[in-house]
Amino acid sequence: MEPKMAGRTAEQVNTYARTDHSNGVHELHTSGFVPGTLIMTAEGELPVEYLNAGDRIVSRNRGLVRLHGVHQSSDILDPIHMSAHALGPDVPRGHLSLRTDQPVLLRNWLAKALRGTPQAIIYAEKLVNGETIVRGTKRRTTLLHLQFDAPQIIYVNGLEMIVERARIASLTE
């Protein structure tokens, strides 16, 4: 199945800044998504690898926001794999692979069950249930990092994700 490109041509697809971790230089990235992950934009859902600086991303906390940049890194991770509908009807809408420390905003029965509140920020690794959400094996993984001017809650495969984890408290106050 061909990815949705919202009418974009191959020439309009982003060329990423690269981060090389082999030389001991590390950039701080608080969220990262594997290629193929669908991000809700003003044009509809687009695979993260088709996003460019200047694209308008749908943010739960700020409406439409401009994406400032997309950077690529490669690291050895043990991803969390989530099956389609693992957290409820259409959540996520398709298979999703996440970093273990990716903050997920839950606003359903699971938030109530895990934290006793109607909504909760839970790291992906805390959602592992051994059936529909499992820990993958360690492997080199390409991640695409989205940069915004402020922390955002964005829609990823229909699931609400926090971007710029370092400032999570400001999103929930």
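See the structure printed just above.
Computed from a predicted model, the values in this text were never measured in an experiment.

Student: I tried to follow the overall build of the protein on my own but got confused; where do I start?
Tutor: Along the backbone of the protein there are two helices and 14 strands. For the protein, buried positions account for 47% of its 173 residues. Expressed as a percentage of contacts within the protein between residues at least 6 apart in sequence, the contacts between residues at least 24 apart total 60%.

Student: Looking at this structure, I do not really get the pattern of salt bridges. What am I missing?
Tutor: Oppositely charged side chains are able to pair whenever their charged atoms sit close together. Per the counting criterion, the structure on display carries seven salt bridges. Across the pair Glu160 and Arg60 runs a salt bridge, and its minimum N-O distance is 3.2 Å. Of the two residues, Glu160 is situated in strand β14 (residues 159-163) and Arg60 in the loop between β4 (56-59) and β5 (63-66); the sequence distance between them amounts to 100 residues. Assessed through its relative accessible area of 7%, Glu160 is described here as buried. Here Arg60 falls in the partly exposed class, since its relative accessible area comes to 33%. Several salt bridges share partner residues, and in doing so they unite Arg60, Arg107 and Glu160 into one network.

Student: I'm lost on the side chain of Ser97 in this one. Help?
Tutor: When you line up the elements, Ser97 lands in strand β8 (residues 96-98). Among the polar contacts made by the side chain of Ser97, one reaches the side chain of His81 at a distance of 2.8 Å. Apart from the residues within four sequence positions on either side, Ser97 is in contact with Val34, Ile80 and His81.

Student: Would you mind showing me how to read the environment of Pro151 here?
Tutor: Note that Pro151 resides in the loop between β12 (139-147) and β13 (152-156). Separated by 89 residues in sequence, Pro151 and Arg62 place their C-alpha atoms 9.5 Å apart.

Student: Any chance you could explain the layout of surface pockets here in plain terms?
Tutor: Sizing a probe to match a water molecule and rolling it over the atoms shows the empty space that remains. The computed volume of the largest pocket comes to approximately 170 Å³. Every residue along the wall of the largest pocket is listed here: Leu87, Gly88, Val91, Leu105, Leu106, Arg107, Asn108, Tyr155, Gly158, Leu159 and Glu160. Looking at the lining of the largest pocket, the elements that each hand over two or more residues are β9 (103-106) and β14. Per-class residue counts for the lining of the largest pocket are six nonpolar, three polar and two charged.

Student: Got a minute to help me understand the nonpolar core in this structure?
Tutor: Side chains that are nonpolar tend, in soluble globular proteins, to be buried together. Phe33 and Leu146 are the most contacted members of the largest nonpolar core, which totals 32 residues. Counting residues per element, the ones that place at least two in this core are β7 (80-82), β8, β9, α1 (109-115), β10 (120-123), β12, β13 and β14. If near-sequence neighbours (up to four positions away) are discounted, Leu146 is found in contact with Phe33, Ile39, Val48, Leu51, Leu67, Gly69, Val70, Ile154 and Val163.

Student: Where do I start with unusual backbone geometry in this structure?
Tutor: When glycine is set aside, most residues are seen to have a negative phi, and most peptide bonds are trans. Cis rather than trans, the peptide bond between Val91 and Pro92 has omega equal to -15°. As for its placement among the helices and strands, Pro92 is situated in the loop between β7 and β8.

Student: Looking at this structure, I do not really get the pairing of β5. What am I missing?
Tutor: Sheet analysis places β4 next to β5, joined by four bridges and oriented antiparallel. Residue pairing in the sheet places Arg56 in a bridge with Arg66 of β5.

Rules and cut-offs
Residues numbered from 1 in each chain as written. Predicted model: local features only at pLDDT ≥ 70, side-chain atom pairs only at ≥ 80, totals over all residues. Heavy atoms only, no water. Helix = DSSP H or I, 4+ residues; strand = E, 2+ residues; numbered from the N terminus. Buried < 20%, exposed > 50% of the residue type's maximum accessible area, 1.4 Å probe, protein only. Contact = heavy atoms within 4.5 Å. Salt bridge = Lys/Arg side-chain N within 4 Å of Asp/Glu carboxyl O. Polar contact = N/O pair within 3.5 Å; in protein donor to acceptor, adjacent residues only side chain to side chain. 1 Å grid on protein atoms, 1.4 Å probe; cavity = no way out; pocket = protein on both sides within 12 Å on 5 of 7 lines; lining within 4 Å. Points joined across faces, edges and corners; volume = space filled by probe spheres on them. Nonpolar A, V, L, I, M, F, W, Y, C, P; charged D, E, K, R; others polar. Core = buried A, V, L, I, M, F, W, Y, C linked by side-chain atoms within 4.5 Å. Pairing = 2+ DSSP bridges.

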